[in-house]
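Geometric and topological summary
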Amino acid sequence: MHVSGTGSEAGPKSGSGVDQEFLALERELAVFLRRARAQSGEMAREVHPELEPAAYGLFVRLDDAGPQRATDLAGYFGVGKATMSRQLRALEDLGLVARDPDPADGRASLVRLTEEGQGRFRHVRDARRERYVRKLADWDRAEVAELARLLHHFNVRSAEG
């Protein structure tokens, strides 16, 4: 895997003035995102048959970062408070998340995975990671680490707007 030095070098442009590297990036991201959405839907349904695809990302975030306010989750995912509230209510109704009073502000609550939610999520997550291990078995570990680093960098930049 080759990464250019500063990332600011201009690439060759087609006759229409379009940067071919960015066209390739757009094309590959479109395929990746479509597949990721489909897989998230599958993973969410594996956690519970009634879950919508966006729920899987909530599980990932709550498992990684611990209990959080609904407004913080909405900000992290770039969705409105009403959308987040609806998604969390559905997860609460299924017994997969719970709300506890926020010790820093009694008027607010923190959302956390329940034992049931955490157990179901981790079972599915572990199976998903095994699939990644199999799919990337012929990759060097440094390439896997570099891909993760670049995706993280991209996600951070994407959150900045």
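In this report, we go over the structure that sits alongside the text. On a predicted model such as this, the values are computed, not experimentally measured, just so you know.

With that out of the way, let us pick up the nonpolar core. Counting residues in each nonpolar core, the largest one holds 20 residues, and the members touching the most others are Val47, Leu51, Tyr56, Phe59, Leu73, Leu88 and Leu91. Elements supplying a minimum of two residues to this core: helix H1 (20-47), helix H2 (54-65), helix H3 (70-77), helix H4 (81-93), strand S2 (105-113) and helix H5 (115-135). Those residues within four positions of Leu51 in sequence are excluded, and the remaining contacts are Ala44, Arg45, Phe59, Leu91, Leu94 and Leu96.

Here Val47 lies in helix H1. Residues Val47 and His123, 76 residues apart in the sequence, show an inter-C-alpha distance of 8.2 Å. Apart from residues lying up to four places away in sequence, Val47 is in contact with Tyr56, Phe59, Leu96, Arg120, Phe121 and Val124.

For the rest of this paragraph, the subject is H2. Quick reminder: α-helices carry 3.6 residues per turn. Residues three or four places apart thus point the same way. Helix length check: H2 (12 residues) gives 17 Å between terminal C-alpha atoms against 16 Å at 1.5 Å per residue, within 8%. Note on H2: the residue one or two positions beyond its end, Gly66, has a positive phi of about 80 degrees.

So, on to the packing of aromatic side chains. With the rule as written, the count across this model stands at 3 aromatic pairs. Considering the side-chain rings of Tyr56 and Phe121, the 5.5 Å spacing of their centres and the 50 degrees angle between planes classify their relative orientation as tilted. Taken as a pair, Tyr56 in helix H2 and Phe121 in helix H5 lie far apart in primary sequence, 65 residues in all. A relative accessible area of 3% places Tyr56 in the buried class. Their ring planes at 15 degrees and their centres at 5.9 Å tell us that Phe59 and Phe121 sit as a pair that is stacked.

Running from N to C, H2 and H4 point in directions that differ by 80 degrees, and their axes come no closer than 11 Å. Here H2 is positioned roughly perpendicular relative to H4, judged by the angle of their axes. Taking contact as the criterion, the partners of Ala54, Ala55, Leu58 and Phe59 in H2 are, on H4, Met84, Gln87, Leu88 and Leu91. Residues that form the contact of H2 with H4 fall into these classes: 7 nonpolar, 1 polar and no charged.

There is a patch of nonpolar side chains on the surface, built from Phe32, Leu33, Trp139, Leu147 and Leu151 and spanning about 410 Å² of accessible area. The set of elements that each furnish at least two residues to the nonpolar patch consists of H1 and helix H6 (141-159). Mapping Leu151 onto the fold places it in helix H6.

Definitions and limits used
- Residues numbered from 1 in each chain as written.
- Predicted model: local features only at pLDDT ≥ 70, side-chain atom pairs only at ≥ 80, totals over all residues.
- Heavy atoms only, no water.
- Core = buried A, V, L, I, M, F, W, Y, C linked by side-chain atoms within 4.5 Å.
- Buried < 20%, exposed > 50% of the residue type's maximum accessible area, 1.4 Å probe, protein only.
- Helix = DSSP H or I, 4+ residues; strand = E, 2+ residues; numbered from the N terminus.
- Contact = heavy atoms within 4.5 Å.
- Expected span 1.5 Å × (residues − 1).
- Phe/Tyr/Trp six-rings, centres within 6.5 Å; stacked < 30°, edge-to-face > 60°.
- Axes fitted to C-alpha atoms, helices over the stretch in contact; angles between N-to-C directions.
- Parallel < 35°, antiparallel > 145°, perpendicular 65-115°, else oblique.
- Nonpolar A, V, L, I, M, F, W, Y, C, P; charged D, E, K, R; others polar.
- Patch = residues over 30% accessible without salt bridge, like charges linked within 9 Å, V, L, I, M, F, W, Y side chains within 5 Å.
- Areas by Shrake-Rupley, 256 points an atom, 1.4 Å probe, with all protein chains shown as cover.
- Salt bridge = Lys/Arg side-chain N within 4 Å of Asp/Glu carboxyl O.

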